[in-house]
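Coordinate analysis (summary)
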Amino acid sequence: YNEWANQTNSISIGNTTDGKECINFGSDGAIKTPNQPAFIAHCNVNDQGGTNNKVSNASIIFTGTKLNRGSAYNTSNGRYTAPVSGLYEFSFSSNLQTGAMSGWFNVSLVSSNGDLIYHYEDKLTGWQYVAFTNRIYLNANDYVYLNLSCQTGAVGCDPTAPWSRFEGHLIG
């Protein structure tokens, strides 16, 4: 359906089968896409990869979500599965507790299509803040997840809000 709202001077375009608004062009120039796939996941203390469940060479699985539009982020396995093909942007940020480990650690964004993006740190102990953002093209049903690897010991994400987040959205 197409709708012109005279009171707000906006244009809404929706899906004719369910009547939901797909895109809105506001009079202020803002373009809103209320159904655009997106998620924001956060760490809870006992999550795999949290401070009470540190990992070495394993997936980070955040079980908390602040947003999961389209339900494509799975809190059981930590994977985001692309509902449609397109360019996606993903971000990870965390205050990581490395404890008394020695050597290196890295946090990777791993894709089922073979792409790998990672952040590498060398010879650090204590708390380390790590953050990265990157874009990756995914086909429908491709998935991404976070993996944490370290040379010795184990590492955990700080569950104190807002320190540890994994988030992403479809760009187009």
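In this report, we go over the structure that sits alongside the text.

1. Overview of the side chain of aspartate 47
Counting through the fold element by element, aspartate 47 comes out in the loop between strand S5 (38–42) and strand S6 (58–60). There is no salt bridge for the buried aspartate 47, and the closest opposite charge comes from lysine 66, which lies 12 Å off by N-O distance. A distance of 2.7 Å separates a polar side-chain atom of aspartate 47 from the backbone nitrogen of asparagine 44. Apart from the residues lying within four places of it in its own chain, the contact partners of aspartate 47 are His42, Asn53, Ile61, Phe62, Thr63 and Gly64.

2. Details of the packing of aromatic side chains
Following the criterion strictly, the structure yields 13 aromatic pairs and no others. Summarising the aromatic geometry, the rings of tyrosine 88 and phenylalanine 90 are spaced 6.1 Å apart at their centres and angled 15° between planes, so their arrangement reads as stacked. You can call tyrosine 88 buried: its relative accessible area is 0%. Lying across the ring of tyrosine 143, arginine 79 places its NZ or CZ 3.9 Å from the centre.

3. So, the nonpolar core
As a rule of thumb, nonpolar side chains are buried together in soluble globular proteins. Core analysis: the biggest nonpolar cluster contains 31 residues, and Phe62, Phe90, Phe92 and Phe166 have the highest contact counts within it. In this structure phenylalanine 92 touches Ile60, Phe62, Val107, Val130, Ala131, Phe132, Leu146, Cys157 and Arg165, once residues within four positions along its chain are discounted.

Rules and cut-offs
Residues numbered from 1 in each chain as written. Predicted model: local features only at pLDDT ≥ 70, side-chain atom pairs only at ≥ 80, totals over all residues. Heavy atoms only, no water. Helix = DSSP H or I, 4+ residues; strand = E, 2+ residues; numbered from the N terminus. Buried < 20%, exposed > 50% of the residue type's maximum accessible area, 1.4 Å probe, protein only. Lys, Arg positive; Asp, Glu negative; His and termini not counted. Salt bridge = Lys/Arg side-chain N within 4 Å of Asp/Glu carboxyl O. Polar contact = N/O pair within 3.5 Å; in protein donor to acceptor, adjacent residues only side chain to side chain. Contact = heavy atoms within 4.5 Å. Phe/Tyr/Trp six-rings, centres within 6.5 Å; stacked < 30°, edge-to-face > 60°. Lys NZ or Arg CZ within 6 Å of the ring centre and 35° of its normal. Core = buried A, V, L, I, M, F, W, Y, C linked by side-chain atoms within 4.5 Å.

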